[in-house]
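# Residue-level structure breakdown
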Amino acid sequence: MRTKNLLISSFILTLFIFCVNSFSQMVTYTPNDITWKDAAPPLPPTIKIAVLEGDPSKEGEFTLRLKVPANWKIAPHWHPAIEHVTVISGSFYIGHGEKFDEMMGSALPAGGMAIMQPKTPHFAWVKEETIIQLHGIGPWKIIYVNPEDDPANKK
Ligand SMILES: [Cu+2]
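These remarks concern the structure in this document. In this text, all values refer to a predicted model and were calculated from it rather than measured experimentally. (Residues numbered from 1 in each chain as written. Predicted model: local features only at pLDDT ≥ 70, side-chain atom pairs only at ≥ 80, totals over all residues.)

All right, on to the environment of Glu129 then. Examined against the element boundaries, Glu129 turns out to sit in the loop between strand 9 (122-125) and strand 10 (130-138). Through-space distance from the C-alpha of Glu129 to that of Gly90 is 6.2 Å; in sequence the pair is 39 residues apart. Those residues in contact with Glu129 that sit more than four places away from it in its chain are Lys67, Val68, Pro69, Ala70 and Gly90. (Helix = DSSP H or I, 4+ residues; strand = E, 2+ residues; numbered from the N terminus. Contact = placed C-beta atoms within 7 Å.)

Take a look at the structure:
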């Protein structure tokens, strides 16, 4: 009887571990599952953020989405690690360089993508509300070319 109970409890435990592992091995989101929060520096507070995978402030893979309001722009900056930007909705305008210049940028429509190698200076802007997805390897940081552009330095 004791052996039978032990067998049943170890079976239940195995099933439980299997279920927990299955959940962490596959995560799915529908657009309605995504919870938006106000962004914090180094992002301006007008942006909404949703972290889908990992913790961008820590080491390791992360995936996040940013909902950017119409007529927003970000000053020239770079990231310490590779960054992948995928446009989910709207249009994202992005340019390469240390000076903000709309003539030096190009539009990425929904479905478009940009890949920035570490320390590549770039700037971006939108005309309509736009959602982008960023994925890369943390810790994710924004280093502004001009530190006064960093929302963390503004009072
Ligand atoms: Cu960037």
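Pairing is antiparallel across the open sheet formed by 5 strands, whose spatial order is 7-6-9-4-11. Looking along the sheet, the strands with just one partner apiece sit at the ends: strand 7 (105-109) and strand 11 (143-144). Inspection of the sheet shows strand 4 (residues 73-78) paired to strand 11 by 2 bridges, in the antiparallel sense. Within strand 11, the residue paired with His77 across the bridge is Tyr144. (Pairing = 2+ DSSP bridges.)

Phe92, Ala124 and Ile132 are the most contacted members of the largest nonpolar core, which totals 17 residues. Elements with a contribution of two residues or more to this core: strand 3 (60-68), strand 5 (83-89), strand 6 (91-96), strand 9 and strand 10. If you tally residues by element for this core, the top one is strand 3, at 4 residues. Not counting the four nearest positions on each side in its chain, Ala124 is found in contact with Lys73, Ile74, Phe92, Tyr93 and Ile94. (Core = buried A, V, L, I, M, F, W, Y, C linked by C-beta atoms within 7 Å. Buried ≥ 20, exposed ≤ 12 C-beta atoms within 10 Å, placed from the backbone.)

One open sheet accounts for 6 strands, arranged 1-2-3-10-5-8; its pairing is antiparallel. With partners counted over all chains shown, the strands left at the sheet margins are strand 1 (37-38) and strand 8 (113-116), one partner each. Here strand 1 runs beside strand 2 (residues 48-53); their pairing, made up of 2 bridges, is antiparallel. Among the inter-strand pairings, Lys37 is bridged to a residue of strand 2, identified as Ile49.

As paired elements, strand 2 and strand 3 share 5 bridges and run antiparallel to each other. Looking at strand 3, one finds that Lys48 is bridged to Lys67. The turn joining strand 2 and strand 3, which pair antiparallel and follow one another in sequence, is formed by 6 residues; a positive phi near 65° is taken by Gly54. Relative to strand 10, strand 3 runs antiparallel, the two sharing 9 bridges. Considered in strand 10, the bridge of Val68 is made with Thr130.

Locating Ser89 in the fold gives a position in strand 5. For the pair Ser89 and Ala110, spaced 21 residues apart in sequence, the C-alpha separation works out to 4.7 Å. Not counting the four nearest positions on each side in its chain, Ser89 is found in contact with Ala110, Thr130 and Ile131.

It is worth spelling out unusual backbone geometry at this point. The omega angle of the peptide bond from Pro41 to Pro42 is 15°, so this bond is cis rather than trans. Within the secondary structure, Pro42 is located in the loop between strand 1 and strand 2. Cis geometry is found at the peptide bond from Gly138 to Pro139, where omega equals 0°. Among the structural elements, Pro139 can be located in the loop between strand 10 and strand 11. The backbone of Asn71 sits at a positive phi, close to 60°, despite the residue not being glycine. Assignment of secondary structure puts Asn71 in the loop between strand 3 and strand 4. Positive phi, close to 65°, is recorded for Lys119, a residue that is not glycine.

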